[in-house]
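Architecture and fold: a report
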Amino acid sequence: MKIFQQHTEFDYSWEEVSTSNWRKYGPWNKLSTHVIAVDTLSRAVDPETGILRTERLITCKQSSPKWINSLLGGQDTSLVYETSYVDPTAKKVTMCSMNMTWSDLLNVRETCVYSPSGASPDAKTLFEQRAEITALCGGWQKIKNSIEQFTVERFQQNAAKGREGFEMVLEMSRKVFAEQRELMKLQNESEILKAAKF
Amino acid sequence: MSASLAPECNEVKERYDSCFLKWYSEKFLRGTARSDECDPLFKQYEQCLSKALKAKGIDNMLKEAREDNRENDAEHMRPKR
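Residues numbered from 1 in each chain as written. Chains lettered and ligands numbered in written order. Predicted model: local features only at pLDDT ≥ 70, side-chain atom pairs only at ≥ 80, totals over all residues. Heavy atoms only, no water.

According to UniProt, the comment filed for chain B under the heading Sequence similarities (unreviewed entry) is "Belongs to the TRIAP1/MDM35 family." (UniProt positions renumbered as here; feature names shortened; annotations may be inferred.)

Within an unreviewed UniProt entry, the label attached to chain A reads MSF1-domain-containing protein, and the organism entered is Trematosphaeria pertusa.

Below, the structure written as structure tokens:
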């Protein structure tokens, strides 16, 4: 088993980050073109804890090199199963994902957590990512090691890209939200003007 | 918003996603969520999606994934205060 771990901070509040997180792979993110589809399978608020649990299915374009693709079976898309847990009181989003494709040969389990930053909890959000990668194909330790090593390197390469892409979504989200508020303000003001006149 | 893996579900998915996002930011995060007002839209989307998942044989793969995910549920459905 190999482990990939990293953490970083976003200059946005936890509320903004946790909302934009739902649009992370949408059209505002120009760097996530490998994500073809994101489907919600179920969603419910636990009446006892108030935690929102969501199950999603993420469809990705296969981007592994040919030697791995032919070793593992050669499909052109891969599926990821994700469950997320949002605790609005503790201000914590936890996302757990695992690969559904090639799951007999390779086990990738990732956990990401978004929480308010310790230093400035109202303005910044901490992102922590941890992935455990285990190749399962029997026997050949050398092949297992190569597959695990390749997967860890992919995580490393994607970490910066993932951050950059999410920054695009956060920026756009803030802009659109500000515009909406401005529009609502104008509408409200004009209603007040109308009421004052008549 | 992202597309669905089943193109025929895109339209209803889009409507559900917009409903959810509004509910999430305006009600859920502010602690004023009473009922899930997006549920009727979700049911329509789910009906469309489940057909596609069955046709593609993904429903059986999902059963396995759900089974493997039990420990995550046990760990993260508890509130940490």
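Glancing now at the pattern of salt bridges. Residue and element names in this part refer to chain B. Under the criterion given, the structure shown has 15 salt bridges over all chains. Across the pair Glu26 and Lys22 runs a salt bridge, and its minimum N-O distance is 3.2 Å. Within this pair, Glu26 and its partner Lys22 are both found in helix H1 (residues 10-28), separated by four residues, close to a single helical turn. Look at Glu26 and you get partly exposed, because its relative accessible area is 36%. For Asp39, the salt bridge is made with Lys43, and the minimal N-O distance between the two is 2.9 Å. In this pair, Asp39 and Lys43 both sit in helix H2 (residues 39-55), four residues apart, roughly one turn of the helix. (Salt bridge = Lys/Arg side-chain N within 4 Å of Asp/Glu carboxyl O. Helix = DSSP H or I, 4+ residues; strand = E, 2+ residues; numbered from the N terminus. Buried < 20%, exposed > 50% of the residue type's maximum accessible area, 1.4 Å probe, protein only.)

A few words now on H2(B). For an α-helix, the turn length of 3.6 residues means that residues three or four places apart are oriented alike. Compared with the 24 Å implied by 1.5 Å per residue over 17 residues, the 24 Å span of H2(B) between its first and last C-alpha is a close match. Among the residues of H2(B), B:Leu41, B:Phe42, B:Tyr45, B:Cys48, B:Leu49, B:Ala52 and B:Leu53 are the ones counted as buried. What you see down the axis of H2(B) is that its buried residues fit within an arc of 140°, all on one side. Exposed residues lying more than 90 degrees from the buried face of H2(B) are B:Pro40, B:Lys43, B:Gln47, B:Lys51, B:Lys54 and B:Ala55. The elements touched by buried residues of H2(B) are strand E2 (35-45) and strand E3 (52-61) of chain A together with H1 and helix H3 (58-68) of chain B. A positive backbone phi angle near 75° is found at B:Gly57, which sits one or two residues after H2(B). (Expected span 1.5 Å × (residues − 1). Arc of directions from axis to C-beta. Contact = heavy atoms within 4.5 Å.)

Let us look at the pairing of E3(A). Residues and elements named next belong to chain A. In terms of burial, E3 is largely enclosed, as nine of its ten residues are buried. For E2 and E3, the ladder comprises nine bridges, and the chain directions are antiparallel. Bridging across to E3, Val45 finds its partner in Leu52. The sheet contact formed by E3 and strand E4 (residues 77-87) spans ten bridges and is antiparallel. The partner of Cys60 across the bridge, within E4, is Ser78. (Pairing = 2+ DSSP bridges.)

Moving on: the layout of surface pockets. Residues and elements named next belong to chain A. Estimated volume of the largest pocket: approximately 1,300 Å³. Lining the largest pocket are 48 residues; nearest its centre among them are His34, Cys60, Val80, Phe155 and Asn158. Those elements giving two or more residues to the lining of the largest pocket turn out to be strand E1 (2-10), E3, E4, strand E5 (92-99), strand E6 (106-116), strand E7 (125-135) and helix H3 (141-197). The leading source of residues in the lining of the largest pocket is H3, at twelve residues. Looking at the lining of the largest pocket residue by residue, the class counts come to 22 nonpolar, 18 polar and eight charged. A volume near 580 Å³ is recorded for the second largest pocket. (1 Å grid on protein atoms, 1.4 Å probe; cavity = no way out; pocket = protein on both sides within 12 Å on 5 of 7 lines; lining within 4 Å. Points joined across faces, edges and corners; volume = space filled by probe spheres on them. Nonpolar A, V, L, I, M, F, W, Y, C, P; charged D, E, K, R; others polar.)

A few words now on a negative patch on the surface. On the surface, a cluster of negative charge is made up of A:Asp104, B:Glu64, B:Asp68, B:Glu71 and B:Glu75. Elements with a minimum of two residues in the negative patch: H3 and helix H4 (70-76) of chain B. Along the chain, B:Glu75 falls in helix H4. Classification of B:Glu75 by relative accessible area gives partly exposed; the value is 40%. (Patch = residues over 30% accessible without salt bridge, like charges linked within 9 Å, V, L, I, M, F, W, Y side chains within 5 Å. Areas by Shrake-Rupley, 256 points an atom, 1.4 Å probe, with all protein chains shown as cover. Lys, Arg positive; Asp, Glu negative; His and termini not counted. Charge placed at Lys NZ, Arg CZ, Asp CG, Glu CD.)

Our focus in this paragraph is the interface of chain A and chain B. Counting residues at the interface gives 43 residues for chain A and 35 residues for chain B. Around 3,500 Å² of area is buried between chain A and chain B when both sides are counted, 62% of it from carbon and sulfur atoms. Put simply, chain A and chain B have two salt bridges between them. A salt bridge links B:Asp73 to A:Arg53, with the nearest nitrogen and oxygen atoms 2.8 Å apart. (Buried area = accessible area lost by both parts, 1.4 Å probe.)

Within the secondary structure, A:Ser115 sits in strand E6. Not counting residues up to four positions away in its chain, the partners in contact with A:Ser115 are A:Trp14, A:Lys91, A:Thr125, A:Leu126 and A:Glu128.

Bringing the nonpolar core into the picture now. Counting 44 residues, the largest nonpolar core has A:Leu57, A:Tyr114 and B:Tyr24 as the members making the most contacts within it. Setting aside chain neighbours within four positions, we find A:Leu57 in contact with A:Ala37, A:Val38, A:Asp39, A:Leu41, A:Leu79, A:Val80, A:Met100, B:Leu5, B:Leu53, B:Ile58 and B:Leu62. Core analysis: the next-biggest nonpolar cluster, separate from the first, contains eleven residues, A:Phe4, A:Leu106, A:Ala131 and A:Val152 among them. (Core = buried A, V, L, I, M, F, W, Y, C linked by side-chain atoms within 4.5 Å.)

Moving on, we get to unusual backbone geometry. Residues and elements named next belong to chain A. A positive phi angle, near 55°, is found at Lys91, a position not held by glycine. Take Lys91: it is sitting in the loop between E4 and E5. For Lys91, a relative accessible area of 28% puts it in the partly exposed group. Despite not being glycine, Trp102 shows a phi value in the positive range, around 65°. On the secondary structure map, Trp102 appears in the loop between E5 and E6.

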